[in-house]
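Report on the structure
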Amino acid sequence: MKNVKTLFAAAALSLVSFASFAQTVTATASTLDGAEAQIATQAKQAGAASYQITEAYSGNQVHMTAELNK
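The text that follows walks through the structure, step by step, so that each part is easy to find.

The rules behind each value
Residues numbered from 1 in each chain as written. Predicted model: local features only at pLDDT ≥ 70, side-chain atom pairs only at ≥ 80, totals over all residues. Heavy atoms only, no water. Helix = DSSP H or I, 4+ residues; strand = E, 2+ residues; numbered from the N terminus. Expected span 1.5 Å × (residues − 1). Buried < 20%, exposed > 50% of the residue type's maximum accessible area, 1.4 Å probe, protein only. Arc of directions from axis to C-beta. Contact = heavy atoms within 4.5 Å. Pairing = 2+ DSSP bridges. Axes fitted to C-alpha atoms, helices over the stretch in contact; angles between N-to-C directions. Polar contact = N/O pair within 3.5 Å; in protein donor to acceptor, adjacent residues only side chain to side chain.

**Some words on helix α2 (residues 32-46)**
Relative to the 21 Å expected for 15 residues at 1.5 Å per residue, α2 spans 21 Å between its end C-alpha atoms, a close match to the ideal helical length. Along α2, the residues classified as buried are A35, I39 and A43. Down the axis of α2, the buried side of the element spans an arc of 80°, and every buried residue falls inside it. Facing away from the buried side of α2 by over 90 degrees, the exposed positions are D33, K44 and Q45. For α2, the elements touching its buried residues are β1 (22-29), β2 (50-58) and β3 (62-69). With its phi angle positive at about 75°, G47 sits one or two positions after the end of α2.

**Considering the sheet that holds β1**
Pairing is antiparallel in the open sheet, where three strands are placed in the order β1-β3-β2. Each edge of the open sheet is held by one strand with a lone partner, namely β1 and β2. Across the sheet, the mean angle from the axis of one strand to that of its neighbour is 20°, orientation sign disregarded. Pairing of β1 with β3 involves eight bridges; the strand directions are antiparallel.

**Brief notes about the pairing of β2**
In terms of strand pairing, β2 meets β3 through eight bridges, oriented antiparallel. In the sheet register, I53 faces β3, and the bridge partner there is A66. Taking the residues between adjacent antiparallel strands as the criterion, β2 and β3 are bridged by three residues.

**Observations regarding the environment of H63**
Structurally, the position occupied by H63 is in strand β3. H63 sits 33 residues away from S30 along the chain, and the two C-alpha atoms are 8.7 Å apart. Once residues lying within four places of it in the same chain are set aside, the contact partners of H63 are T26, A27, T28, E55, A56 and Y57. One polar contact links H63 to T28, side chain to side chain, over a distance of 3.5 Å.

In structure tokens form, the structure reads like this:
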């Protein structure tokens, strides 16, 4: 039972620490470059060290989602 409690506590703490560092942002623009520029601006304003684009969809406009890393 002690091992289960320890494992649960470790899992909970790892989720809390991950959530405190990851932030998701989105942008919509008419071009890929425009959407990425918006993502870069949002990352800079949030003080992120880097960002990783996780989704980009192009229809009538480009919708982009990225995860900020601090």
